[in-house]
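Next come the chains, spelled out residue by residue.
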Amino acid sequence: MKYAFINGHILDGSEHMEVISHKVILTNNDKIESITDESTSRAGYQEVDLQGAFIMPGLINMHVHLPGSGKPKRKQKDSAKAAEMATRNKLFRHMSMKMCENYARTELMSGVTTIRTVGGLLDYDTQIRDKINRGELVGPRILTSNQAITVEGGHMAGSVARVVGNEKEARQAVDNLVEQHVDFIKLMITGGVMDATEKGGAGALKMPPEIIKAACDEAHRNNLIVAAHVESSEGVRVALENGVDSIEHGAMCDEEIIDLFKKRHAFLTTTISPALPFALFDRKISHCNEIQQYNG
């Protein structure tokens, strides 16, 4: 379908973005052909009158966990127990799948047209991705890792991450995810804000380097990149030294770490948008405790 979007205020996504008015956006299927003058012929295009609304390119959310709404919880739950309950039987799996499908739809309805899911329940995310691609569900484009890989006592162990105990189990976990047709692999290398029990605990190195390397080697052998949850400089360094391609969250960098990023052609997903309000809001609003806020 070819559309002409008229009478809108355009935000074009450029670096120094300013509102553009009195222009027309011409599209062909999912591609923008041009942003042109109002006097340009629109023959062959179906007009969409925006009536003064704003229009912009779809947003991309690089770090999503579909089982979570993002809303502050008054009482912290045991995530492993919650995940076990959500997947306990056919009825609960149906209900939790519908919940994840609805959260994916919410992303799209909020203007987010592509999401990258970095830890979820079982193989829900690839199922939802494929349903959307087949036109059976309304939702964004999805790149997914399904369940992440962690270690005993590691971040999100038993919930949105499966536990491995050695290099062989790490390679097997990657192979299982390959069979699920994931788009990339996710590792949980350090602790996390929500499950740390002491100040600074979020950055504690949990996954041994040999397990990181085994998982990365197996992923790369299958032409998949590896993302890693990391919240300390030590964790970033160990992750990059052993093959990780993207650092999720991150930490302070020194020259050695910057050189490792360049050598690995790795990238950083900062997740600033949830971290800042979590760290700065009054705890009466965020419902977190002092240790969680400090680590945030």
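The text that follows walks through the structure, step by step, so that each part is easy to find. These figures come from a predicted structure and were not determined experimentally.

### Here's the deal with the pattern of salt bridges
Phase 1: Under the counting rule described, the total for this entry stands at 16 salt bridges.
Phase 2: Residues Glu101 and Lys131 are paired through a salt bridge, measuring 3.1 Å at the closest nitrogen-oxygen approach. Taken together, the residues span a long stretch of sequence, with Glu101 in helix α2 (residues 90–109) and Lys131 in helix α3 (residues 124–133) at a distance of 30 residues.
Phase 3: Assessed through its relative accessible area of 7%, Glu101 is described here as buried.
Phase 4: Asp245 is paired through a salt bridge with Arg264; the nearest N and O atoms lie 2.6 Å apart. Highlighted residues: Asp245 in the loop between α6 (233–241) and β14 (246–249) and Arg264 in helix α7 (residues 255–264), separated in sequence by 19 residues.
Phase 5: Owing to a relative accessible area of 22%, Arg264 belongs among the partly exposed residues under this scheme.
Phase 6: Among the ionic contacts, a cluster of salt bridges with common partners joins Lys98, Glu101 and Lys131.

### Concerning the side chain of Gln293
Phase 1: Following the sequence through the fold, Gln293 ends up in helix α10 (residues 290–295).
Phase 2: On the accessibility criterion, Gln293 (16% relative accessible area) is buried.
Phase 3: Those residues in contact with Gln293 that sit more than four places away from it in its chain are Phe278, Ala279, Leu280, Phe281, Arg283 and Cys288.

### Considering the sheet that holds strand β7 (residues 59–64)
Phase 1: Taken together, the three strands give an open sheet; going across it, the order is β7-β8-β9, and neighbouring strands pair in parallel fashion. Whereas interior strands pair on both sides, the edge strands pair on one side only; in this sheet they are β7 and β9 (141–144). Each adjacent strand pair in this sheet contributes to an overall mean axis angle of 15°, direction not counted.
Phase 2: When β7 meets strand β8 (residues 112–117), the two strands line up parallel, connected through four bridges. Bridging across to β8, Val64 finds its partner in Thr117.
Phase 3: Running at roughly 135° to β8, α2 makes contact with β7 and β8 of the sheet.
Phase 4: Seen against the sheet, α3 touches β8 and β9 and runs at an angle of roughly 150° to β9.

### A word on the pairing of strand β4 (residues 31–37)
Phase 1: Bridge count for strand β3 (residues 23–28) against β4 is six bridges, and the pairing is antiparallel. Pairing of Thr27 across the sheet is with Ile32, part of β4.
Phase 2: The hairpin turn running from β3 into β4, its antiparallel successor, is two residues long, and Asn29 in that turn takes a positive phi close to 55°.

Thresholds applied
- Residues numbered from 1 in each chain as written.
- Predicted model: local features only at pLDDT ≥ 70, side-chain atom pairs only at ≥ 80, totals over all residues.
- Heavy atoms only, no water.
- Salt bridge = Lys/Arg side-chain N within 4 Å of Asp/Glu carboxyl O.
- Helix = DSSP H or I, 4+ residues; strand = E, 2+ residues; numbered from the N terminus.
- Buried < 20%, exposed > 50% of the residue type's maximum accessible area, 1.4 Å probe, protein only.
- Contact = heavy atoms within 4.5 Å.
- Pairing = 2+ DSSP bridges.
- Axes fitted to C-alpha atoms, helices over the stretch in contact; angles between N-to-C directions.

By themselves, these are just geometric observations and shouldn't be taken as functional.
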